[in-house]
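These are the residues of each chain, in order.
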Amino acid sequence: MSFFREKETEKKDETKTFWFGKANGLPEKKRAFINDEPYDIEEGETILNFIRRHFGNKAVPTLCDAPNLDPFGSCRVCSVDVALKKDGPVKTLASCHTPVGEGLYIYPDSTRVQKLRRNIIELVLTDHPLDCLTCEVNNNCELQEVAARVGIRDVRYPQGKTHLDRKKDLSHPYMTSDLSKCINCFRCVRACDEVQGQFVLSMAGRGFDSHIIKGSDVSFNESDCVSCGACAQACPTSAISDVFESKSIVFDKKVRTVCTYCGVGCNLEVAVNAGKIKSIQAPYDAAANGGHTCLKGRYAFSFYDHPDRIRTPLIKKNGEFVPATWDEAYDHIAGKLKQIKEDFGPDAIAGISSARCTNEENYLMQKFIRAVIGTNNIDSCARVCHSPTAIGMQRTFGTGAATNSIIDLEFTNCIMVIGANPTDAHPVTGAKIKQAAMQGKKLIIIDPRKTELVKYADHHLQLRPGTNVALLNMMLYYIVKEGMEDEDFIAARTEGYEEFRKSILALNIDELEKLTGVDREQVRAAAIEYASSANAMSFHGLGVTEHSQGTYTVMLIADLAMITGNIGRRGVGVNPLRGQNNVQGAADMGCQPYQGAGYLDVTIPENHQRYEAFYGVSLPQHAGLKIPQMYDAALNDKLKAIWVIGEDMAQTDPNTHHVLAALNKLELFVVQELFMTETAKLATVILPGSSFLEKSGTFTNGERRIQRVNAVVDPIEGTKPDGQIIADIMNRMGFAEPDYDPDHLLDEISGIVPFFAGVKWKELGDNGKQWPVKLDGTDTEILHLEQFTRGKGKFQYADFRESEEIIQNGKDYPYIITTNRELEHYNCGAMTRRTRNVDILTDDVLLICEEDAKKHFISEGDMVCIESARGKVDIKAHITDEVKPGILSSTFHFPEIMLNNITSSVSDSEAMCPEYKVVACRIRKSKGKYKV
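Residues numbered from 1 in each chain as written. Predicted model: local features only at pLDDT ≥ 70, side-chain atom pairs only at ≥ 80, totals over all residues. Heavy atoms only, no water.

Caption draft 1: How the structure looks around the overall build of the protein chain. Of the regular secondary structure elements, the protein chain holds 29 helices and 36 strands. Scaling as 2.2 N^0.38, a compact globule of 932 residues should have a C-alpha radius of gyration of about 30 Å, and the protein chain matches this with 30 Å. Counting only C-alpha atoms, the protein chain reaches 90 × 70 × 70 Å along its principal axes. Looking at the protein chain as a whole, 63% of its 932 residues qualify as buried. A separation threshold of at least 6 residues defines the contact pool for the protein chain, and within that pool the share at least 24 residues apart is 73%. Split by element, the accessible area of the protein chain, about 35100 Å² in all, is 49% carbon and sulfur. Charged side chains of the protein chain number 108 positive and 126 negative; the gap between the two group centres comes to 3 Å. (Helix = DSSP H or I, 4+ residues; strand = E, 2+ residues; numbered from the N terminus. Rg over C-alpha atoms; globule rule 2.2 N^0.38 Å. Buried < 20%, exposed > 50% of the residue type's maximum accessible area, 1.4 Å probe, protein only. Contact = heavy atoms within 4.5 Å. Areas by Shrake-Rupley, 256 points an atom, 1.4 Å probe, with all protein chains shown as cover. Lys, Arg positive; Asp, Glu negative; His and termini not counted. Charge placed at Lys NZ, Arg CZ, Asp CG, Glu CD.)

Caption draft 2: Inspection of empty space enclosed by the protein at higher detail. As enumerated under the stated definition, the model contains twelve cavities of 30 Å³ or more in all. In this structure, the largest cavity spans a volume of roughly 690 Å³. Looking at the largest cavity, it is lined by 40 residues, and the ones nearest its centre are L542, E546, T819, N820 and K917. Those elements that place two or more of their residues in the lining of the largest cavity are helix 10 (381–396), helix 18 (542–545), helix 23 (649–652) and strand 31 (815–819). The residue inventory of the lining of the largest cavity, partitioned by class, reads 15 nonpolar, 16 polar and nine charged. One number sums up the size of the second largest cavity: a volume of about 250 Å³. Around the second largest cavity, the lining is made up of 22 residues, and of these R356, G646, E673, L674 and M831 lie nearest the centre. (1 Å grid on protein atoms, 1.4 Å probe; cavity = no way out; pocket = protein on both sides within 12 Å on 5 of 7 lines; lining within 4 Å. Points joined across faces, edges and corners; volume = space filled by probe spheres on them. Nonpolar A, V, L, I, M, F, W, Y, C, P; charged D, E, K, R; others polar.)

Caption draft 3: Geometry of a nonpolar patch on the surface. Judged by side-chain polarity, L123, V155 and Y157 come together as a nonpolar surface patch covering roughly 230 Å² of accessible area. If you trace the backbone, Y157 turns up in the loop between helix 4 (142–149) and strand 6 (168–169). (Patch = residues over 30% accessible without salt bridge, like charges linked within 9 Å, V, L, I, M, F, W, Y side chains within 5 Å. Salt bridge = Lys/Arg side-chain N within 4 Å of Asp/Glu carboxyl O.)

Caption draft 4: Layout of the sheet that holds strand 29 (residues 769–770). Across the sheet, which stays open at both edges, the three strands sit in the order 27-28-29 with antiparallel pairing between neighbours. Of all the strands in the sheet, just strand 27 (697–700) and strand 29 have a single pairing partner and so form its edges. The pairing of strand 27 with strand 28 (residues 705–709) spans four bridges and is antiparallel. For T698, the partnering residue across the bridge sits in strand 28 and is R708. Strand contacts of helix 9 (residues 359–373): strand 27 and strand 28, with the helix running at about 95° to strand 27, the strand carrying the most contacts. (Pairing = 2+ DSSP bridges. Axes fitted to C-alpha atoms, helices over the stretch in contact; angles between N-to-C directions.)

Caption draft 5: Fine view of unusual backbone geometry. Here the amide bond leading from W771 into P772 is cis, since omega sits at 5°, within 30 degrees of zero. With phi around 65°, Y599 is a residue other than glycine that occupies positive phi space. For Y599, the location among the structural elements is in the loop between helix 20 (583–588) and helix 21 (605–615). Note on Y599: relative accessible area 17%, which makes it buried. Its identity is not glycine, yet M912 carries a phi of approximately 60°, on the positive side. Along the chain, M912 turns up in the loop between strand 35 (887–890) and strand 36 (919–925). Look at M912 and you get partly exposed, because its relative accessible area is 23%.

Caption draft 6: Inspection of the environment of C132 at higher detail. Tracing the chain through its elements places C132 in the loop between helix 3 (111–125) and helix 4. The partly exposed category is assigned to C132, whose relative accessible area is 32%. Along the backbone, C132 and N289 are 157 residues apart, and their C-alpha atoms lie at a distance of 32 Å.

Caption draft 7: Examining the side chain of S79 more closely. In this structure, S79 sits in strand 3 (residues 79–83). Classification of S79 by relative accessible area gives buried; the value is 3%. A polar contact is formed between the side chain of S79 and the backbone oxygen of R76, at a distance of 2.7 Å. Those residues within four positions of S79 in sequence are excluded, and the remaining contacts are T92, L93, A94, S95, P108, V113, L116 and R117. (Polar contact = N/O pair within 3.5 Å; in protein donor to acceptor, adjacent residues only side chain to side chain.)

Caption draft 8: Representation of the pairing of strand 15 (residues 320–323) in the model. With four bridges connecting them, strand 14 (residues 314–317) and strand 15 associate as antiparallel partners. Within strand 15, the position partnered with K317 by the bridge is E320. Two successive antiparallel strands, strand 14 and strand 15, enclose a turn made up of two residues, where N318 displays a positive phi of approximately 55°.

Caption draft 9: Region of the structure containing the pattern of salt bridges. Throughout the structure, instances matching the rule amount to 51 salt bridges. A salt bridge links R53 to E45, with the shortest nitrogen-to-oxygen separation between them at 2.6 Å. Among the ionic contacts, a cluster of salt bridges with common partners joins D40, E42, E45 and R53.

Caption draft 10: Expanded view of helix 9. Taking 1.5 Å of rise per residue, 15 residues should cover 21 Å, and helix 9 covers 20 Å from first to last C-alpha, within 8% of that figure. Approximately 25° is the largest bend angle found in helix 9, and it occurs at K367. In terms of residue burial, helix 9 counts as a mostly covered element, since 15 of its 15 residues are buried. Backbone geometry just downstream of helix 9 places G374 in the positive-phi region, at approximately 95°. (Expected span 1.5 Å × (residues − 1). Bend = angle between axes of the 7 residues up to and from the residue.)

Caption draft 11: Spotlight on the side chain of D81. By the secondary structure assignment, D81 is in strand 3. Polar side-chain contacts of D81 include one of 3.1 Å to the side chain of R112. Sequence-distant contacts of D81, defined by excluding residues within four places in its chain, comprise V90, K91, T92, Y105, I106, Y107, S110, R112 and V113.

Caption draft 12: Just the packing of aromatic side chains, in detail. Applying the stated criterion across every chain yields a total of 24 aromatic pairs. Ring geometry for F489 against F788: centres 6.3 Å apart, planes inclined by 90°, an arrangement best described as edge-to-face. In this pair, F489 is assigned in helix 14 (residues 487–493) and F788 in the loop between strand 29 and strand 30 (793–794), connecting sequence segments 299 residues apart. Like F788, F489 is buried. Aromatic pair F755 and F756: ring centres 5.8 Å apart, planes at 65°, arrangement edge-to-face. In terms of burial, F755 and F756 fall into one category: buried. (Phe/Tyr/Trp six-rings, centres within 6.5 Å; stacked < 30°, edge-to-face > 60°.)

This is a description of form; function is not addressed.
The following block contains the structure:
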């Protein structure tokens, strides 16, 4: 009996019920027939999808089809017989790209279709190596599977001219190819085009000479490949693969977890063999990433068992680290904390949590600092990088999180990206934005640099760093001036508009044009584009928040959404791109000194009483110290101890000399880390934590999606999950805390964080839930559907103010350097520098335009001395058109450069977020230092 006959027998009664639906009082459905039996059809589906929906994914064999690619029809293996009526003339069609129509009679497994499929596969096999037993994809090869499915036992055709002599390409740190195994299905080309949008792969030649090439027929390493691995995952054979043989079935288990790098929240499927991580792929059913991820998520995992991992607690004695047992380390820390608390009070102690840790670990850390130590001196890098987003959106909307979901890119008509470079910093979201732009959706880029997305943009407003407020005010001015406000939305759902409107109309456009360096007509055109689009959504990143006016910039972005009515439905909204994997979660859990878990203000009596009742201890009611204030307090001998988890402030915080001076004054400096970072070197005690691959919990991505992180392997010997370390020290300090368990902790969190009310570990499933989650488990894709969290949205006006950095130092230091991130690395690079990513991008460089380079006699690769009012660094020049004259840009991924020696202590006026994006400097060619 054929596949279909078996399935038809099982479904016969059910389909008869569907067929006679109208007689039973049910609405009549459109139907087509499979082997003469009726089945309902859905709008817009192909014949292949129609058959698979009723009979499963294995019902029709395919070779050129993939879950995340558009129908293509190159292999013809999916062909089926189709007739317009029963017993009518039959035509053979490729089912993958042929729409199903009402009343069609489809025969997926007819005799002549089976014969056709066998013929196709036999022809393919005449030009394919028959080395299945030694091939890396043996028993996971789609060609092998389809050959068996169609009944190939031998190949009737003689072997003629072949391509079996094609050489392997092993030039790349990750990507490999053996094109002797290529079947010309185009899946790799389409993955590169349709998923990543990189257009590196293509088909050259004609007829028998058709073959895949990279770039202009160069090696993987010489091409513009960004190592995302989409082609390798799409390839049905091993023609394109990777050094980890990620399609091999040689593994003991696969574990689904969530990536540790950026805020996209990519799901990963991790293969484990003999207790070691073998490879990673991206599950196609993942809501956050849909079968795609970047080179960091897919390939940069080998840091987890790198020889540099710290594998025992270390206590500094006489300036040297000495190995210790966990009990010795805990006793030493607990004793010092008790002594400092007794001598100087609880406010002499502070904690810094981590956006790289799980929600549960962040919750425990703030609970430890507040309930056990007795201070609100708790902060995290989440507040350091995105507090202006939280404060700005809380003031305008009432909630400081993304209003919409990434899926809304499918429904929008216009995308505005301001102060973000998502193709580097949030690659999967960046690829989706790129695809949307290539499909005709309007794209506005507001950025001092020509980022990759600029070449796909309709508008690029290349403003001077630090003038976001001025430029957004110009956009709002033109929207009001042109009468493009959404008056109904403003009247029904907002407040404060009339006063706001008066302030906008009073702006001096001449002055703002001069300040931003952007022609007013360009701004006007972009404003009209945004306001006239049926649905417009915005994305912003650290190029918005890391400014002295970061909070005001966020409020103006919110104003743009409200004035045009782009809130509360599909395809619109204000969507911050979170820099690290759990920035959203760390803030949600209360790792900021003025708000506890769930963003409740700790200084408000009713919130204070609620927290005290929940934790069962007396808590402080005054706000604690933010990280910059911690440094000042340490230098003033008021702060004696800091406990930090997974943050390398000595390399990544601004004004390095100031940071080092403060950390060196501490009596107790506890660092939980994976590696001996620049910050760990300054510690008095180091506790070895576990990586994301070695522990469980949840991360919350940038679209408020709470997802399960599942331990893939056991913790490296000698290390512990960060949450267990905190639980251990809480018990040592006399506070009864159970062992770290995300299930138990989520139950506790749901009792104090209102928007986590219905979050249960066992109910999160593979794709998690987007908060707020109701008690019944219902989650929320879109916020502010009918009203804002604060009731009515509040328009907030802000005048432009020049950065103090420019006012104080601009005359002596005429250049502006802004910081950015590169695709291959992440933050301080502690993890990625211990993977093959470092073979792709080996150092930080200075982006400088040709005009400025000529002024200073600088050539490509020359070393350049950059000097600010704080210090100087030497860095290699890269001459580019990405920046305007007078503007420079660089990264701080490598400790050899320590770029933050030159950044300032200027910060956002409302949130104290450091102003990394505006640094006044001067440059010269370094004396005697040239590219080797």
